[in-house]
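Architecture at a glance
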Amino acid sequence: MASESSALVQKLWNYCNVLRDDGVSYGDYVEQLTYLLFLKMADEHTKPPFNEPSTIPDEYSWEELASKEGDALEIHYRHTLEALGKEHGLLGVIFRKSQNKIQDPAKLRRLVELIGKETWVGLDMDVKGEIYEGLLQKNAEDTKSGAGQYFTPRALIQAMVEVTVPKPCQTIADPACGTGGFFLAERDYLVKNYQLDREQSVYLKEKTFHGTEIVDSAARLCAMNLYLHGIGTDKSPVNVADSLLSEPKEHYDLVLTNPPFGKKSSYTVINGDGKAEKDKQTYERDDFWATTSNKQLNFLQHVRSMLKINGKAAVVVPDNVLFEGGAGEAIRRKLLTECDVHTLLRLPTGIFYAQGVKANVVFFERKAGREEPWTDTLWIYDLRTNKHFTLKESPLSLDDLTNFIECYNPENRHERKETEQFKPYQYADLIKRDKVSLDIFWIKDESLEDTENLPEPDIIAGEIAENLQTAIEQFGEIYESLKEE
């Protein structure tokens, strides 16, 4: 299976390198593949043994497209994308605001022929999924495209899924679903760990997953990714919207997410004098504990609102969410009181495509209201101190997270053992900390004393850059606050 999918990925990617000479980026290429793959697979479903009615209007079918050459092909393809982008449901998400980025008709024809040679529906579902995931990962590795911001390390996703233990017929959501990495890991976990009956399998395909993504291109890749893995119907499991705009209408059993990083949300407006001004974007919501323009704090509040009572969440957050004052302190107090915040994983640097990221995963459960605080003990696992990873030379693997999974003890997290890397902190002590800061570390940083065995220069330089980036962002916040006074 691996060799079959790898060969197809390499074949498709080799052709991408040909197109790059014409200025077609990795991201544009993967989008064009998405459109053509969907059309080809929709056509295959109309043939034996499926004989299903097509969701594609006849004039925009794969057969119509494949029958054309030259300028006629380019014109017809452009009209097909425009027309299907106006459809509803899954079609509308896949083709929303789609454009042809392959201007050379001969090269477009070659790509149509490459895809046309394969019977995609006949491929094993996991092979199709591996092919597409492989293309998405290669796209994420192209740092110039910025696609890496939607790509959470798969080892981290798998660890988060294993400790939260999804169950059949649960509803699972991601309010910043990117290309669907969490959904696919959860789908794989359910398929491998349970003997799903027919009812459970149908539920997995049609009702389990609920995603929201604000970026059109990421939403289309996610919808296609799920489609290739057998998830979704004519109604897309992915909604294109700003998750933070309104209180959720539905509530879910499990929410795993890695919201977009970036400290502040703002947009440019033109004042009466014709001058551009930055206006902070805040979200006034009755279900939020505090009003802030910090996106990660807003996502943390939003995730809490998305959960059913006793629903579970795991959210990737940057360090500032752990220590920022003002709204940050208010939100941490409420979260510790109204939810059971039981685990914090301090992540190492160098595992994300975005530079300058120091992140954590906070695990919590939503609880019903009561006078006593729900958090009793917060267990913190330090995977950061004295750990050095890079995306290419020493990437994060699941083996690096095995000890965390064992310490978490997903079978019964109420029975845990303290280790050098895994420490418990009581609620009474946390609430007394300055600004209720959860930015806690205790392991001695060996690099501060062992000057003979320092990390490689690129690692040191990367950490310096991360610290400088954090400092610049904090000074920027101070500057914005002073201007408002």
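Residues numbered from 1 in each chain as written. Predicted model: local features only at pLDDT ≥ 70, side-chain atom pairs only at ≥ 80, totals over all residues. Heavy atoms only, no water.

By the naming in an unreviewed UniProt entry, the protein goes by site-specific DNA-methyltransferase (adenine-specific) and is assigned to Methanogenium marinum. UniProt, in the comment section headed Catalytic activity (unreviewed entry), describes the protein in these words: "a 2'-deoxyadenosine in DNA + S-adenosyl-L-methionine = an N(6)-methyl-2'-deoxyadenosine in DNA + S-adenosyl-L-homocysteine + H(+)". (UniProt positions renumbered as here; feature names shortened; annotations may be inferred.)

**Remarks on the overall build of the protein**
Each helix and strand in the protein was counted, giving 17 helices and 11 strands. With 485 residues in all, the protein has 50% of them scored as buried. Of the accessible surface of the protein, which amounts to about 23,300 Å², a share of 48% is contributed by carbon and sulfur atoms. (Helix = DSSP H or I, 4+ residues; strand = E, 2+ residues; numbered from the N terminus. Buried < 20%, exposed > 50% of the residue type's maximum accessible area, 1.4 Å probe, protein only. Areas by Shrake-Rupley, 256 points an atom, 1.4 Å probe, with all protein chains shown as cover.)

**Let's talk about the sheet that holds strand S1 (residues 172-174)**
Spatial strand order, S3-S2-S1-S4-S7-S9-S8-S10-S11: nine strands in an open sheet with mixed pairing. The open sheet terminates on both sides in strands that have one partner only, identified here as strand S3 (238-240) and strand S11 (422-426). Direction aside, neighbouring strands of the sheet carry axes that sit 15° apart on average. Taken strand by strand, helix H11 (residues 216-228) contacts strand S2 (209-213) and S3, and its axis lies near 165° from that of S3. (Pairing = 2+ DSSP bridges. Axes fitted to C-alpha atoms, helices over the stretch in contact; angles between N-to-C directions. Contact = heavy atoms within 4.5 Å.)

**Focus: helix H2 (residues 26-45)**
Compared with an ideal rise of 1.5 Å per residue, which puts 20 residues at 28 Å, H2 spans 28 Å between its outermost C-alpha atoms and is within 8% of the ideal. With 19 of 20 residues buried, H2 is to be regarded as a mostly interior element. (Expected span 1.5 Å × (residues − 1).)

**Structural notes on empty space enclosed by the protein**
Taken as a whole and assessed by the stated rule, the structure comprises three cavities of 30 Å³ or more. Of the voids in this model, the largest cavity is the one considered here, and its volume is about 90 Å³. Lining of the largest cavity is provided by Leu300, Val317, Val321, Leu322, Ile331, Arg332, Leu335, Val341, Leu344, Val362, Leu378 and Leu438. For the lining of the largest cavity, the secondary structure elements donating two or more residues are helix H13 (320-323), helix H14 (327-338) and strand S8 (339-346). The dominant element in the lining of the largest cavity, judged by the number of residues it contributes, is H14, at three residues. Residues that form the lining of the largest cavity fall into these classes: 11 nonpolar, no polar and one charged. (1 Å grid on protein atoms, 1.4 Å probe; cavity = no way out; pocket = protein on both sides within 12 Å on 5 of 7 lines; lining within 4 Å. Points joined across faces, edges and corners; volume = space filled by probe spheres on them. Nonpolar A, V, L, I, M, F, W, Y, C, P; charged D, E, K, R; others polar.)

**A word on the pattern of salt bridges**
Tallying each qualifying case throughout the model produces 22 salt bridges. Here Lys101 ties to Asp28 by a salt bridge, and the two come within 3.3 Å at their closest N and O atoms. Taken together, the residues span a long stretch of sequence, with Lys101 in the loop between helix H5 (89-95) and helix H6 (105-116) and Asp28 in helix H2 at a distance of 73 residues. Relative accessible area serves as the criterion here: at 31%, Lys101 is assigned to the partly exposed category. Relative accessible area serves as the criterion here: at 19%, Asp28 is assigned to the buried category. Residue Arg304 pairs with Glu338 through a salt bridge whose shortest N-O separation is 3.2 Å. Remark: Glu338 occurs in helix H14 and Arg304 occurs in helix H12 (residues 295-306); sequence separation between them is 34 residues. Among the residues examined, Arg304 registers a relative accessible area of 12% and is labelled buried. Sharing partners across several salt bridges, the network here consists of Asp340, Glu365, Lys367 and Arg413. (Salt bridge = Lys/Arg side-chain N within 4 Å of Asp/Glu carboxyl O.)

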